[in-house]
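Take a look at the letters that make up each chain.
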Amino acid sequence: MHAIQPETSGAPRAVPLPAQRAAAPVEGFAVVDVETTGLGRSDRVISAGVYQLDAEGDVTDHWYTLVNPERDPGPVWIHGLTRGMLAGAPTFPEIADEFAERLRDRVLVAHNALFDWNMISREFSRAGLRAPVDQRICTMVLSRDLRLPLPNGKLASLAAHFGVQQRQAHNALDDARVLAEAFRPSLHLARSGGVPLPLQNCVAVTDLGEDEPVSAARSSWTGSSYRQAKKRPPCPYPNPGRWEDGKPLVQGMRVAFTGDTATDRELLEDRAVEAGLHIATSVSRLTSLLVTNEPGTWSGKARKAREVGTPVIGEDAFLQLLREVAPHPGA
């Protein structure tokens, strides 16, 4: 564990926004975690936890709510929230105002913040609102910038580094608490070491797609309606090799997809690219991983994967791995 140097006493410092918004300092931070029905653009928030911190990282308040997604709750074996437990919960429009007040004039902090921001922003958009957040900080990126000696990008590893005890993983309130307790010493380390906070502007998401049925998403990638793959910039990280079972994905890994996916394929690939992965259009000995819901299929990619020994996993497993992609060792 790193020694944490106390900051100089005095009035709490406001956290400035970028130069163009310097006239509007924020009050502090909103450390957020949401549990969801899945990771696609049509998935819904089913619980939210928020810890409000002042500008020094001290907790001032916390809040938690279940949210009725008015649909199947998704991977109950992960978040533990059943349809029955959510049936009497408020819908997102019913809690949107209170949620907004917990976020207003604060920098949103989350572990894999792009995911949480996208899910929150889409829920506000569905309610005809905009989440009152201008900037976010991803603690995965902050940990990398601080060069913390973590074995992977998991929240559990960050918590263990700072001696924070997890009580109920994948519970939105407890995950937000754990992250708040780990963020405070991270914040102090950044300030004492002169490391800039990795602030990112938050752009409201409007590509909802919540009315698109799963069957339509699947059919768009099969048969005559197949779309050409999107041209993407080169991955900035060299290939670190094959994925190994029980270990996280690592930035630069080459990931290929084949067959139907419940999540829109382009969205899957976008999320993979945002996490620092390379999208492979074919399978070879250099391919780190093949994602398919039909491992026994006789598609060309699946056959090649079996031939060269490329690891193969299903879509659900890939989506979970995608939440905690490890930084490239050379980054």
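So, a few notes on the structure that sits alongside this text. Here the structure is a predicted model, which means the values were calculated and not measured.

What counts and what doesn't
Residues numbered from 1 in each chain as written. Predicted model: local features only at pLDDT ≥ 70, side-chain atom pairs only at ≥ 80, totals over all residues. Heavy atoms only, no water. Helix = DSSP H or I, 4+ residues; strand = E, 2+ residues; numbered from the N terminus. Buried < 20%, exposed > 50% of the residue type's maximum accessible area, 1.4 Å probe, protein only. Contact = heavy atoms within 4.5 Å. Areas by Shrake-Rupley, 256 points an atom, 1.4 Å probe, with all protein chains shown as cover. Pairing = 2+ DSSP bridges. Arc of directions from axis to C-beta. Axes fitted to C-alpha atoms, helices over the stretch in contact; angles between N-to-C directions. Parallel < 35°, antiparallel > 145°, perpendicular 65-115°, else oblique. Left-handed = near helix turned anticlockwise from the far one by under 90°. Phe/Tyr/Trp six-rings, centres within 6.5 Å; stacked < 30°, edge-to-face > 60°. Salt bridge = Lys/Arg side-chain N within 4 Å of Asp/Glu carboxyl O. Polar contact = N/O pair within 3.5 Å; in protein donor to acceptor, adjacent residues only side chain to side chain.

Counting its secondary structure elements, the protein chain contains eleven helices and ten strands. Out of the 331 residues belonging to the protein chain, those deemed buried represent 50%. For the protein chain, restricting intrachain contacts to residue pairs at least 6 apart in sequence, the fraction spanning at least 24 positions comes to 68%. If you sum the accessible surface of the protein chain, you get close to 15500 Å²; carbon and sulfur atoms cover 51% of it.

Another point: the sheet that holds strand 9 (residues 289-291). The strand order 8-7-9-10 describes an open sheet built from four strands, whose pairing is parallel. The open sheet is flanked by strand 8 (278-279) and strand 10 (312-313), the only strands paired with a single partner. Taken together, the two bridges between strand 9 and strand 10 define a ladder with parallel strand orientation. Following the sheet pairing, valine 291 is matched in strand 10 by isoleucine 313.

For helix 11 (residues 315-322), the full list of buried residues reads Glu315, Phe318, Leu319, Leu321 and Leu322. What you see down the axis of helix 11 is that its buried residues fit within an arc of 160 degrees, all on one side. In this fold, the buried residues of helix 11 make contact with strand 7 (254-257), helix 9 (265-274), strand 9 and strand 10.

As a packed pair, helix 3 (residues 92-103) and helix 4 (residues 113-126) sit with axes 10 Å apart at the nearest point and diverge in direction by 125 degrees. Between helix 3 and helix 4, the interaxial angle falls into the category oblique. The way helix 3 lies across helix 4 gives a crossing that is left-handed. Side by side, helix 3 and helix 4 meet where Phe92, Ala96, Phe99, Ala100 and Leu103 of the first sit next to Ile120, Glu123 and Phe124 of the second.

A few words now on the packing of aromatic side chains. A complete count under the given rule lists six aromatic pairs for this structure. When the centroid spacing of 5.0 Å and the interplanar angle of 70 degrees are considered together, the rings of phenylalanine 29 and phenylalanine 183 count as edge-to-face. Highlighted residues: phenylalanine 29 in strand 1 (residues 28-36) and phenylalanine 183 in helix 7 (residues 172-193), separated in sequence by 154 residues. Judged on exposure class, the residue phenylalanine 29 and its partner phenylalanine 183 are both buried.

So, on to the sheet that holds strand 4 (residues 106-110). Taken together, the six strands give an open sheet; going across it, the order is 3-2-1-4-5-6, and neighbouring strands pair in mixed fashion. Here the strands that pair on one side only, and so sit at the sheet edges, are strand 3 (59-66) and strand 6 (199-201). Adjacent strand axes in the sheet meet at a mean angle of 25 degrees when their direction is disregarded. Alignment of strand 5 (residues 135-138) against strand 6, held across three bridges, turns out to be antiparallel. Paired with isoleucine 137 across the strands is leucine 199, a residue of strand 6. Along the sheet, helix 4 makes contact with strand 1, strand 2 (45-54), strand 4 and strand 5, crossing strand 1 at roughly 80 degrees.

So, about the pattern of salt bridges. As enumerated under the stated definition, the model contains 15 salt bridges in all. Connected through shared salt-bridge partners, Arg44, Glu123 and Arg126 make up one network.

The next point concerns the side chain of serine 143. Mapped onto the fold, serine 143 is located in helix 5 (residues 139-145). Within polar-contact distance, the side chain of serine 143 engages the backbone oxygen of threonine 139 at 2.7 Å. Residues contacting serine 143, with those up to four places away along its chain left out, are Leu148, Leu150 and Leu158.

For threonine 37, the position within the fold is in the loop between strand 1 and strand 2. For threonine 37, a relative accessible area of 5% translates into the label buried. Here aspartate 43 takes part through its side chain, which lies 2.7 Å from a polar atom of the side chain of threonine 37. Apart from the residues lying within four places of it in its own chain, the contact partners of threonine 37 are Asp43, Arg44, Ile46, Pro69, Arg71, Asp72, Pro73, Gly74 and Pro75.

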